[in-house]
Amino acid sequence: MSDRMKPLLGALVVGYIVNTVLVNYLYAPVAASDMSEGMGLMPGWAALLVFSVIVLLYFDWVNQSLGNPMKSALIIAVSQILLVDVYYVLLGNREITTAVVSAVVLLGGYCTIGFVYGKLSDG
C-alpha cells in the first residue's frame, strides 16, 4: 500500500481540484439555466430501449478490456453508484433510502447483464 500512497494522494488532490473547477464553473452554470419541463426526446419505452443499447455497447467495450463480464458489470455499477448515490447523498440531493434502492437496482441490473453475457459468451 505504501508504494501506492504517492500516486493515490496525487490523484486525489488533482482530481479534487479539477472536479471543483469543472463542476463550479462549467456544469453548475449550465445546470442552473436548464429550463427542462420534463419533456423527453422520446417516449419512456423508446428512451429505455435506446439507453439499453448504449449501456450494452459500453458494457461490451469495458468487458473487451477486462475479459470478465461480472467484474465489468460491477465496475460500471459501482462507478454509477458512487456518482449518483454516494455523491448525491453527500450533497443533499438524494435521500439515503432512495440511494440504497438505486444502488440495489443498479447492481441487480448490471450483474444480470454480466451474468447472461458471461453465460452466452464463447470464452
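Structure: above.
Bear in mind the structure is a predicted one, so any value in this text is a computation, not a measurement.

Cut-offs used in this document
- Residues numbered from 1 in each chain as written.
- Predicted model: local features only at pLDDT ≥ 70, side-chain atom pairs only at ≥ 80, totals over all residues.
- Heavy atoms only, no water.
- Helix = DSSP H or I, 4+ residues; strand = E, 2+ residues; numbered from the N terminus.
- Contact = heavy atoms within 4.5 Å.
- Axes fitted to C-alpha atoms, helices over the stretch in contact; angles between N-to-C directions.
- Parallel < 35°, antiparallel > 145°, perpendicular 65-115°, else oblique.
- Left-handed = near helix turned anticlockwise from the far one by under 90°.

It is worth spelling out the environment of M42 at this point. For M42, the location among the structural elements is in the loop between helix 1 (2–32) and helix 2 (44–66). M42 sits 77 residues away from K119 along the chain, and the two C-alpha atoms are 33 Å apart. Those residues in contact with M42, other than ones at most four positions away along the chain, are A47 and V50.

Turning next to the packing of helix 2 against helix 4 (residues 96–120). The contact between helix 2 and helix 4 brings their axes to 12 Å, and the two run at 60 degrees. In terms of orientation, helix 2 and helix 4 fall into the oblique class. Of the two possible hands of crossing, helix 2 and helix 4 adopt the one that is right-handed. For the pair formed by helix 2 and helix 4, the contact residues are V55, L56, F59, D60, N63 and Q64 on the first element and Y110, I113, G114 and Y117 on the second.

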